[in-house]
Amino acid sequence: MATTSKSILIKNYINGSFQNPTSNQWIDNINPSNGEVYGQIPNSNKIDVEQAYLAAKSSFPKWSQTSLEQRSKILLAIADLLESNLDLFAKAESKDNGKPLELAKTIDIPRAASNFRFFANAITQFASESHESVGHSAINYTLRQAIGVVGCISPWNLPLYLFTWKIAPAIAAGNCVVAKPSEVTPITAYLLGKICNDAGLPKGVLNIVHGLGNTTGQAIIEHPNIKAISFTGGTKTGAHIAKIAAPMFKKLSLELGGKNPNIIFADCDYEAMLNSTIRSSFANQGQICLCGSRIFVEASIYNTFKNDFIARVKQLKVGHPSEKDTNIGALVSKPHLKNVMQYIDSAKKDHNATILCGGKQVVIKNYENGYYLEPTVIEVNTNQCKINQEEIFGPVVSIMPFNNEDEVLQMANDTPYGLSATLWTNNLQRTMRFTNELQAGIVWVNTWLMRDLRTPFGGVKHSGVGREGGFEALRFFTETKNVCIKY
Ligand code: NAD
């Protein structure tokens, strides 16, 4: 396969081949570690999306009639090829996104392969219900049929990982797909097209169009015959997509932003909590929707935690993504860095907030134009401040003490978001109460980001609608039809 060392012209993947955008409009692709343009991607328009749709349509329903064994075999081959090209994909992801290469190698790309392997197996186990109407001589059975052509739109923070989290269940269930990765991180999606061809995925089953949200993305969500949209991204974009898609009665899955609480009680296993809290605060430069950006600590251990946490944060190395000892790489783009720094500046002016460490841009020798930022810890004295209410999505967390269960539960739930929550305690009664009362789609107790792909994934309130993962995803990507037979 092609290497990613020189300037790359990314093309759309339509009907199994690579095509220029019809309008010949291109967008620069920037390397966040040094701020340099290192390639171009198409800014696809309605015509390109229509071509992708027609390719997908021409493969449906044929693909949905392909045996489960055959579909499974192709998905497994894609997983294998991703694994055998791990280095190529990891380097490409790290360069495109700014994340440490080690993270791309150990998390992003292996997880993308797992997504295909998981749904290759899951589809062979996907069953539907039957209901015997006893006393009425009738039997009902439920079909779960592929929808047709579906749209998958993903963000930049975990580029291939989240792109494949949608594509794998969509095609496993027999749909044909028009997919768009983030314009900020297009490269691994581009490489995926080549892998799909090598794995024997029939032409047109997966089509990947590149471009901006308001051109390419908009054309996908507006398309009258793309019948379902699976979207991961910001809450504002999710609301916009819902507004366009709802009057057309499209099926919608929306995985949106978060402002997740990390609640620490004095009775927790302190070292395990401290290690995980460093990760849950700053992994992937804090650019994971599940990061615990609001840390609440029981008052009796607050000062100890504050000192230990800050000492550990100061040890984190901000560096070039390809260096082995880098803990924190570059933020994804210049506008995003600016946005995160504006939050830090606003905290400096807010009498409710004090910067305890970090807060400054980092200039790295030989990479002076890269988008590096110190990991930042802000002490707040109320949950009702901008830092605690708005998603920052960078290496920035707040810390604040609490006195009792009721107080912290109220604060944990007091944001517009409801994606995930983390609880550190060894008290069973408290665990049961919090897991019941926390307003979140995912609650971790004494761990963080432990994922079993069979479990439902998604948020409540402004964090989204619907669930991904396991059979939930296969249900989303199928239409339910009940058949009643009287005998
Ligand atoms: P974004 O909403 O700006 O973009 C996401 C995708 O939507 C991109 O591909 C973009 O091009 C596309 N898009 C933008 N406007 C569109 C439009 N009008 N029509 C169709 N598509 C459009 O989000 P982002 O900045 O790429 O990602 C960061 C956000 O994603 C954060 O809010 C983060 O919390 C969220 N996120 C959520 C989850 C989750 O599972 N809940 C996971 C990862 C990221």
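Because the structure is predicted, anything quoted here is derived from the model rather than measured.

What surrounds the ligand is a group of 28 residues, the closest being Lys-180, Glu-183, Thr-237, Leu-256 and Glu-391. Contact distances for the ligand include 2.5 Å between an oxygen atom and a side-chain N or O atom of Glu-391. In isolation the ligand offers 850 Å² of accessible surface; the protein chains occlude 88% of this area. The set of elements that each furnish at least two residues to the shell around the ligand consists of helix H8 (213-222), strand S11 (228-232) and helix H9 (235-245). Sort the elements by how many residues they give to the shell around the ligand and H8 lands first, with four residues.

If you look at the biggest cluster of nonpolar residues, it comprises 96 residues, and the most contacted ones within it are Leu-82, Phe-116, Phe-119, Leu-192 and Leu-206. In terms of residues, this core owes the most to one element, helix H5 (residues 101-125), which gives 11 residues. In terms of domain composition, this core takes at least three residues from each of domain 1 (8-256 + 463-486) and domain 2 (261-452). Within the second largest apolar cluster, 30 residues are counted, among which are Val-340, Tyr-371, Ile-392 and Val-408.

Another aspect to go through is the sheet that holds strand S6 (residues 130-133). Two pairing modes exist for strands in a sheet, parallel and antiparallel, and in both the strands are linked by backbone hydrogen bonds. Spatially, three strands are ordered S6-S7-S25 in an open sheet, and the strand pairing comes out antiparallel. What marks the edges here is a single partner per strand, and that holds for S6 and strand S25 (478-486). Sheet twist, expressed as the mean angle between neighbouring strand axes with direction ignored, is 20°. Pairing of strand S7 (residues 138-146) with S25 involves nine bridges; the strand directions are antiparallel. If you follow Asn-140 over to S25, its bridge partner there is Cys-484.

Here we take up the pattern of salt bridges. If you walk through the whole model with that rule in mind, you get 18 salt bridges. The partner of Lys-166 in a salt bridge is Glu-468, with the nearest N and O atoms 2.7 Å apart. In this pair, Lys-166 sits in helix H6 (residues 159-172) while Glu-468 sits in the loop between strand S24 (464-465) and helix H16 (470-476), placing the two residues 302 residues apart along the sequence. Each member of the pair, Lys-166 as well as Glu-468, is classed as buried. Connected through shared salt-bridge partners, Asp-267, Glu-405, Asp-406, Arg-430, Arg-433 and Glu-437 make up one network.

For the pair helix H14 (residues 405-413) and helix H15 (residues 428-437), the least separation of the axes is 11 Å and the interaxial angle reads 25°. Between H14 and H15, the crossing angle belongs to the class labelled roughly parallel. Between H14 and H15 lies a crossing of right-handed hand. Contacts between H14 and H15 pair Glu-405, Asp-406, Val-408, Leu-409 and Asn-413 from the former with Arg-430, Arg-433, Phe-434 and Glu-437 from the latter. When grouped by side-chain class, the residues that make up the contact of H14 with H15 number three nonpolar, one polar and five charged.

Taken domain by domain, the protein chain consists of domain 1 (8-256 + 463-486) and domain 2 (261-452). Domain 1 puts 24 residues into the contact, and the matching count from domain 2 is 28 residues. Buried surface at the junction of domain 1 and domain 2, both sides included, amounts to about 2000 Å², of which 56% is carbon and sulfur. Three residues, Ser-33, Trp-156 and Ser-463, lead the burial of domain 1 against domain 2; their summed loss comes to 26% of the area buried on that side. Applying the counting rule to domain 1 against domain 2 returns zero salt bridges. Here domain 1 and domain 2 share 10 residue pairs in polar contact (both at pLDDT 80 or more) between them. Looking at the side of domain 1 that touches domain 2, the elements that each hand over two or more residues are helix H4 (86-97) and H5. At four residues, H5 tops the list of elements feeding residues into the side of domain 1 that touches domain 2. Considered class by class, the residues forming the side of domain 1 that touches domain 2 number 10 nonpolar, 10 polar and four charged.

Thresholds, definitions, all that
Residues numbered from 1 in each chain as written. Predicted model: local features only at pLDDT ≥ 70, side-chain atom pairs only at ≥ 80, totals over all residues. Heavy atoms only, no water. Near = heavy atom within 4 Å. Polar contact = N/O pair within 3.5 Å; in protein donor to acceptor, adjacent residues only side chain to side chain. Areas by Shrake-Rupley, 256 points an atom, 1.4 Å probe, with all protein chains shown as cover. Helix = DSSP H or I, 4+ residues; strand = E, 2+ residues; numbered from the N terminus. Core = buried A, V, L, I, M, F, W, Y, C linked by side-chain atoms within 4.5 Å. Buried < 20%, exposed > 50% of the residue type's maximum accessible area, 1.4 Å probe, protein only. Domains from an automatic or database assignment. Pairing = 2+ DSSP bridges. Axes fitted to C-alpha atoms, helices over the stretch in contact; angles between N-to-C directions. Salt bridge = Lys/Arg side-chain N within 4 Å of Asp/Glu carboxyl O. Parallel < 35°, antiparallel > 145°, perpendicular 65-115°, else oblique. Left-handed = near helix turned anticlockwise from the far one by under 90°. Contact = heavy atoms within 4.5 Å. Nonpolar A, V, L, I, M, F, W, Y, C, P; charged D, E, K, R; others polar. Buried area = accessible area lost by both parts, 1.4 Å probe.

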